[in-house]
Each structure stands twice: as C-alpha cells, then as structure tokens.
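Each chain is listed here by its residues.
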Amino acid sequence: MHKIINGQQVPLSAEEIAQRQQDEQAWNAGAKDRAVAELRSKRDRLLAKDDWRVIKAKETGGTLSAGFKAYRQALRDLPSTVTDEMSAEDVANIQFPTE
C-alpha cells in the first residue's frame, strides 16, 4: 500500500497499514446498518410521496382503498422484515411493495 506525498509514491508504514485495515473492518462491519438506514430512508420517501392522499381523505371525510392502505402498511412493516441473519446485500435487495 502506498500514499502520495509531494507527488511521490511512498509506502505506508506498518502502523498506517494496520490503521487502514482497522478502518476498513469498521466500515465493512457497518455495512448492514447503512443498508437498513437506506431501506428506511427509501421507505420514508415512498410514504411521504402519498401522505397528501391520506391528509386529503381525512380532511374531506373521504376514504382510501383497502389496497392503498395495505400498501402503506406493508411499507411501514418493511424494516421489521430485516433479520439478524441477513447480510447488507440481502437488505439492499429487499423488494419494496408496489401500490
């Protein structure tokens, strides 16, 4: 492994290599947490996109279709489908419900 100092390629010291490996391990260990956070973020965006429909129905006394309610409930339940056994890749590949 190398670093660039003043335009010159310089080998990393043993301490720098150890630190880099430790940093990479920490980053990799957090991969599932980042995947779950992205799942929640996408879920939240999808819920927010249709919030106006829920608000309008409440304000006007209208109703929402059973399918729409089921869709929103499935979105809210999505994070609970993540299990301890799942990898970050598994979480990233979770299929989102469709309307």
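Residues numbered from 1 in each chain as written. Predicted model: local features only at pLDDT ≥ 70, side-chain atom pairs only at ≥ 80, totals over all residues. Heavy atoms only, no water.

> Whenever I open this one, the overall build of the protein chain confuses me. Can you help?
Check the secondary structure of the protein chain and you find five helices and two strands. Ordered by position from N to C terminus, the α and β elements of the protein chain give β-β-α-α-α-α-α. A compact globule built from 99 residues should have a C-alpha radius of gyration of about 13 Å, whereas the protein chain, at 22 Å, is more than 25% larger. Judged by the C-alpha coordinates and their principal axes, the protein chain covers about 70 × 35 × 15 Å. When each of the 99 residues of the protein chain is scored for burial, the buried share is 22%. Considering only residue pairs separated by 6 or more positions, the protein chain has 50% of its internal contacts joining residues 24 or more positions apart. (Helix = DSSP H or I, 4+ residues; strand = E, 2+ residues; numbered from the N terminus. Rg over C-alpha atoms; globule rule 2.2 N^0.38 Å. Buried < 20%, exposed > 50% of the residue type's maximum accessible area, 1.4 Å probe, protein only. Contact = heavy atoms within 4.5 Å.)

> Just checking my understanding: could you explain the pairing of strand β1 (residues 2-5) for this structure?
Within a regular strand, side chains alternate between the sheet's two faces. Both β1 and strand β2 (residues 8-11) contribute to a ladder of four bridges, which runs antiparallel. Bridge pairing links His-2 to Pro-11 in β2. Connecting β1 to the antiparallel partner β2 that follows it, the hairpin turn spans two residues, and Asn-6 within it adopts a positive phi of roughly 50°. (Pairing = 2+ DSSP bridges.)

> Quick question: what am I supposed to make of the pattern of salt bridges here?
Two side chains with opposite charge may pair up if their charged atoms get near one another. Evaluation of the coordinates by the stated rule reveals seven salt bridges. When the shortest N-O distance is used, the salt bridge between Arg-20 and Glu-24 registers 3.1 Å. Taken as a pair, Arg-20 and Glu-24 lie in helix α1 (residues 14-29) at a separation of four residues, close to a single helical turn. (Salt bridge = Lys/Arg side-chain N within 4 Å of Asp/Glu carboxyl O.)

> When you look at the packing of aromatic side chains in this model, what are you seeing that I'm missing?
Aromatic ring pairs: the centre-centre distance and the angle between the two ring planes describe each pair. This model, assessed by the stated rule, comprises one aromatic pair. Pairing Phe-68 with Tyr-71 gives two aromatic rings, centres 6.5 Å apart and planes at 40°, and the pair type is tilted. Of this pair, Phe-68 and Tyr-71 are both found in helix α4 (residues 66-77), three residues apart, which corresponds to roughly one turn of the helix. Residue Phe-68 shares its accessibility class with Tyr-71, and that shared class is buried. Looking at Arg-34, its charged tip hangs above the ring of Trp-27, at a distance of 3.4 Å from the centre. Sitting over the face of the ring of Phe-96, Lys-42 holds its NZ or CZ atom 4.3 Å from the ring centroid. (Phe/Tyr/Trp six-rings, centres within 6.5 Å; stacked < 30°, edge-to-face > 60°. Lys NZ or Arg CZ within 6 Å of the ring centre and 35° of its normal.)

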